[in-house]
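# An overview of the molecular structure
Now for the letters of each chain:
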Amino acid sequence: MQIPFYDFSRETSEIGPNIHAALERVISSGAFIMGDELKSFETEFAQSCACTYGVGVASGTDALFLALTAFGIGTGDEVITVSNTFAATVLAILYTGATPVLVDIEETSHLIDVARVEQAVTEKTKAIIPVHLFGTCAEMDGIMEIARRHSLFVLEDACQAHGALYRGRPAGSLGDAAAFSFYPTKNLGAYGDGGLITTKIRDLYEKLLLLRNYGQKDRYRHLMIGYNSRLDEIQAAFLREKLPHLEEWVDKRQKAARVYDEGLGEINLIKPDLAEGSTHAYYLYVLSVDDRDLLRDHLSSKGVQTLIHYPVPIHKQQAFKKVRIHDDLRNAEKRSSQIVSLPLHPWIREDEMSYVIESIREHYR
Ligand SMILES: Cc1ncc(COP(=O)(O)O)c(C=O)c1O
């Protein structure tokens, strides 16, 4: 049996006709940039995460960078985040000229350690980026409390958390702003690159509209230095077709995760203690085992594709010499050597999961 990590053909067999109709709709409209599809999608997506405003941009990376820029963050400032994240979280901070300050994750989860955030705050700190890694939200109540006390902005990196809830509230509605990615494999993915910022703050929203569109309010009237970072009409139209399925697809991910949970039982899983009313959106299903590489080799020999998110923490990467490390990052380092992500998507079948479970059990027999 061959079990790929993700299978786009199953997605298209469910929604292919709607996608083709959306493409046709945009092409015949003759509007490709900043038209009605984008406007509608921004409203629909913002509403889906209990937010007032949505600003579509070119990628999740740009969503992070433009939100930080709209906060007014730049050279000389510090932004606190984690080392076990996709590089874009830290790249976005560096693009602004600010210094990323990396704090460790909790021992029992893959999420930012709130106590360490408090210790890392200096007079230069301007913002915190909690990363809702794998589909579970960081401990936002604690983070917001620290942020309010020190007058800091909070930008959720929700690029992996479409459809997750934190104490009954959707990811994307928990900080001052949130960055989403629509990279194709995400819980809500485009057929290309795309991103979006959600916020409830009107001033921030208005600034973001300028920043993503060359800094212009009206055509050829530039109020600030802006960028070309728009979510185009074709991607917005595709995303509008997919958004109504998000809840059902996240539900399917959760059901699949339960099958793995039950089948793998005693195998060491990273299971953040979810607070009451919080849910895991299972962008990724991640095991944590001491012989990770051996397990991966075994699964590969059985035709099961696995990935590692992420094998090298940011502070160990050649490119990121300018980060500041707060205290030590021992949990992030340990985790990066143990984690392995299993195939999981809304269309994975029971027999495929049984095969993955049996292959893992065989390895540990
Ligand atoms: C945690 C995290 N942050 C940021 C990004 C960047 O998003 P994009 O690839 O759309 O630029 C991603 C996705 O790839 C991500 O997983």
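Cut-offs used in this document
- Residues numbered from 1 in each chain as written.
- Predicted model: local features only at pLDDT ≥ 70, side-chain atom pairs only at ≥ 80, totals over all residues.
- Buried ≥ 20, exposed ≤ 12 C-beta atoms within 10 Å, placed from the backbone.
- Helix = DSSP H or I, 4+ residues; strand = E, 2+ residues; numbered from the N terminus.
- Pairing = 2+ DSSP bridges.
- Right-handed = clockwise from strand over helix to strand, strands pointing away.
- Contact = placed C-beta atoms within 7 Å.
- Near = placed C-beta within 6 Å.
- Nonpolar A, V, L, I, M, F, W, Y, C, P; charged D, E, K, R; others polar.
- Core = buried A, V, L, I, M, F, W, Y, C linked by C-beta atoms within 7 Å.
- Domains from an automatic or database assignment.
- Axes fitted to C-alpha atoms, helices over the stretch in contact; angles between N-to-C directions.
- Parallel < 35°, antiparallel > 145°, perpendicular 65-115°, else oblique.
- Left-handed = near helix turned anticlockwise from the far one by under 90°.

### Topic: the pairing of strand 2 (residues 78-82)
Regular strands place side chains that alternate from one sheet face to the opposite one. Burial within strand 2 is extensive, with 5 of its 5 residues counted as buried. Here 5 bridges tie strand 2 to strand 3 (residues 99-103), and the two strands are oriented parallel to one another. When the bridges of strand 3 are listed, Val 82 appears paired with Val 103. Once the chain exits strand 2 it traverses helix 4 (residues 88-96) before rejoining the sheet at strand 3, and the crossover so formed is right-handed. Pairing analysis gives 3 bridges linking strand 2 to strand 4 (residues 125-128), with the strands arranged parallel.

### Structural notes on the environment of Ala 161
Relative to the helices and strands, Ala 161 resides in the loop between strand 5 (153-157) and strand 6 (165-166). Residue class for Ala 161 comes out buried when judged on the 30 C-beta atoms lying within 10 Å of it. Ala 161 sits 36 residues away from Ile 197 along the chain, and the two C-alpha atoms are 13 Å apart. Excluding its chain neighbours within four sequence positions, the residues that come into contact with Ala 161 are His 132, Gly 135, Cys 137, Ala 171, Ala 281 and Tyr 283.

### Section: the sheet that holds strand 2
Taken together, 8 strands build an open sheet; the order of strands is 1-9-8-5-4-2-3-13 and the sheet is mixed. The outermost strands of the open sheet, each flanked by one partner alone, are strand 1 (53-57) and strand 13 (324-325).

### Comments concerning the site of the ligand
Around the ligand, 15 residues are found, and the nearest of them are Ser 59, Gly 60, Thr 61, Cys 159 and Ser 181. Residue assignment for the shell around the ligand shows that the elements contributing at least two residues are helix 3 (60-70) and helix 4. Looking at the shell around the ligand, its residues break down into 5 nonpolar, 8 polar and 2 charged.

### Thoughts on the nonpolar core
Core analysis: the biggest nonpolar cluster contains 103 residues, and Ala 67, Leu 68, Ala 127, Leu 155, Ala 179 and Ile 197 have the highest contact counts within it. Counting only domains with at least three residues in this core, you end up with domain 1 (8-103 + 110-244) and domain 2 (245-364). Residue contacts for Leu 155: discarding those within four places in its chain leaves Leu 64, Ala 67, Leu 68, Ala 127, Ile 129, Gly 175, Asp 176, Ala 177, Ala 178 and Ala 179.

### What about the domain arrangement of the protein?
Domain boundaries assigned for the protein yield domain 1 (8-103 + 110-244) and domain 2 (245-364). Once you take the C-alpha centre of each, domain 1 and domain 2 turn out to be 24 Å apart. On the side of domain 2, 35 residues touch domain 1, which itself brings 41 residues to the contact. Taken together, the elements giving at least two residues each to the side of domain 1 that touches domain 2 come down to helix 1 (8-29), helix 4, strand 3, helix 5 (114-120) and strand 6. Here the side of domain 1 that touches domain 2 gets 5 residues from one element, more than from any other, and that element is strand 3. Across the side of domain 1 that touches domain 2, the residue classes break down as 21 nonpolar, 14 polar and 6 charged.

### Some points on the packing of helix 3 against helix 4
Where helix 3 contacts helix 4, the two axes come as close as 9 Å, and the packing angle between them is 40°. Here helix 4 runs oblique to helix 3, going by the angle between their axes. For helix 3 against helix 4, the interelement crossing comes out right-handed. Taken together, the residues of helix 4 that come into contact with helix 3 (itself represented by Gly 60, Thr 61, Leu 64, Phe 65, Leu 68 and Thr 69) are Ala 88, Thr 89, Leu 91, Ala 92, Ile 93, Tyr 95 and Thr 96. Residues belonging to the contact of helix 3 with helix 4 are distributed by class as follows: 8 nonpolar, 5 polar and no charged.

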